Amino acid sequence: MNGFDWNRLGDSLPLLLEGFRITLLATLIGTLVAAVLGLAVAMAGRAPSKFVTVPVRVVMEFVRSTPLLVQLVGAAAVFNSVEPLYIGITVLGIHYAAYTSEVYRAGIDGVPKGQWEACRALSLSPRRTWQAVILPQAVRNVLPALGNYAISMFKETPFLAVITVQEMVFEARRYGAEQFAYTEVFTLAGLIFLVASYPTSLLMRKLEKRLGH
C-alpha cells in the first residue's frame, strides 16, 4: 500500500494490546452484568403484581429505545465523580440486559407446559421449580444467543472512548494523533478485533448447532 508504514504496526502494538486489555475487561464484566440482570428482569416480568412488571417494562423499553452512545454520555454527565470505566461497564451491562431479558423470556416460554405441571404435581416450591427444572432448560436453550450478544458488546466497546475510557480505539486515536499514522494503527486495531471476535462467532455457531440437536 502506497504510503503505508509497516513499522508503525510494531510500534503501536504494545499500546493497542494494553487498550485491548481494557476492552476485554469491559466486555467480560459487562456480559456478566447483562446475563445476571437480564435474567432478573425476565423473572420480574413474570411477577403477578403490575407494580413490579410495569416499571420494569418501562425502564427496559427506554433502554432499548435510546442509543448506547447517548446512555454513556448521559451517565458520565450525571455520575461525573465515578471512574469512567465503571460507568462504561455498568451502562454496557444495563443496555444489553434489556436485550438478554427478552432472550431469557423466550427461553422460559419455550419450556414445555408439562414441566410446570409436573412440578406442581410433585408439590415443588416455586424456588425449587425455577432452580431445578425451569432455569436449567431455559438457559441451555439461550446460550448461543447470549454469546452473540457478548460478541456485539465487544464490538461496541469503542463507544467507551467518548467518556475517556482508554480502551483499544481510544489508544489508537491517541497514537494516530501523536504519530500522524491513523491508517496503520486503525488497520491493526481492526485486525485485533477480527482475530478476537471471528473465532468466537464460529464457536457460537457450533454451539447453536449442537444444542439444536
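Before going into details, it helps to say that this report is about the structure given with it.

About the thresholds
Residues numbered from 1 in each chain as written. Predicted model: local features only at pLDDT ≥ 70, side-chain atom pairs only at ≥ 80, totals over all residues. Heavy atoms only, no water. Helix = DSSP H or I, 4+ residues; strand = E, 2+ residues; numbered from the N terminus. Buried < 20%, exposed > 50% of the residue type's maximum accessible area, 1.4 Å probe, protein only. Polar contact = N/O pair within 3.5 Å; in protein donor to acceptor, adjacent residues only side chain to side chain. Contact = heavy atoms within 4.5 Å. Phe/Tyr/Trp six-rings, centres within 6.5 Å; stacked < 30°, edge-to-face > 60°. Expected span 1.5 Å × (residues − 1). Salt bridge = Lys/Arg side-chain N within 4 Å of Asp/Glu carboxyl O.

**As for the side chain of Gln 71**
Here's step 1: With respect to the secondary-structure elements, Gln 71 resides in helix H3 (residues 68-78).
Here's step 2: By relative accessible area, which is 15% here, Gln 71 ends up buried.
Here's step 3: Here His 95 takes part through its side chain, which lies 3.1 Å from a polar atom of the side chain of Gln 71.
Here's step 4: Residues in contact with Gln 71, not counting those within four places in the same chain, are Val 63, Thr 66, Val 91 and His 95.

**Remarks on the packing of aromatic side chains**
A ring pair, where both rings are aromatic, is described by two values, the distance of the centres and the angle of the planes.
Here's step 1: As enumerated under the stated definition, the model contains 7 aromatic pairs in all.
Here's step 2: Seen in terms of ring centroids, Tyr 96 and Tyr 149 are 6.1 Å apart; in terms of plane orientation they differ by 65°. Their pairing is edge-to-face. Placement of the pair is Tyr 96 in helix H4 (residues 84-109) and Tyr 149 in helix H6 (residues 126-156), with a sequence separation of 53 residues.
Here's step 3: A relative accessible area of 27% means that Tyr 149 is categorised as partly exposed.

**As for the environment of Thr 187**
Here's step 1: Looking at the element boundaries, Thr 187 is found in helix H8 (residues 182-212).
Here's step 2: Sequence separation of Thr 187 and Ala 172 is 15 residues, and the distance between their C-alpha atoms is 9.6 Å.
Here's step 3: Polar contacts involving the side chain of Thr 187 include one to the main-chain carbonyl oxygen of Thr 183, which spans 2.6 Å.

**Digging into the environment of Phe 186**
Here's step 1: Within the secondary structure layout, Phe 186 lies in helix H8.
Here's step 2: Considered as a pair, Phe 186 and Thr 53 are 133 residues apart in the sequence and their alpha carbons are 44 Å apart.
Here's step 3: Excluding its chain neighbours within four sequence positions, the residues that come into contact with Phe 186 are Val 169, Ala 172 and Arg 173.

**Section: helix H7 (residues 168-179)**
Here's step 1: The end-to-end C-alpha distance of H7 is 16 Å, a good match for the 16 Å that 12 residues give at a rise of 1.5 Å each.
Here's step 2: Of the residues that open H7, the one with a side-chain oxygen 3.0 Å from the backbone nitrogen of Val 169 is Glu 167.
Here's step 3: Phe 180 sits one or two positions beyond H7 and adopts a positive phi of about 55°.

**Some points on the pattern of salt bridges**
Here's step 1: Throughout the structure, instances matching the rule amount to 7 salt bridges.
Here's step 2: The salt bridge partner of Asp 109 is Arg 105, with a shortest N-O separation of 3.2 Å. Note that Asp 109 and Arg 105 are positioned in helix H4 at a spacing of 4 residues, about one turn of the helix.
Here's step 3: With relative accessibility at 39%, the residue Arg 105 sits in the partly exposed group.
Here's step 4: It is possible to trace a salt-bridge network through shared partners that takes in Arg 46, Glu 102, Arg 105 and Asp 109.

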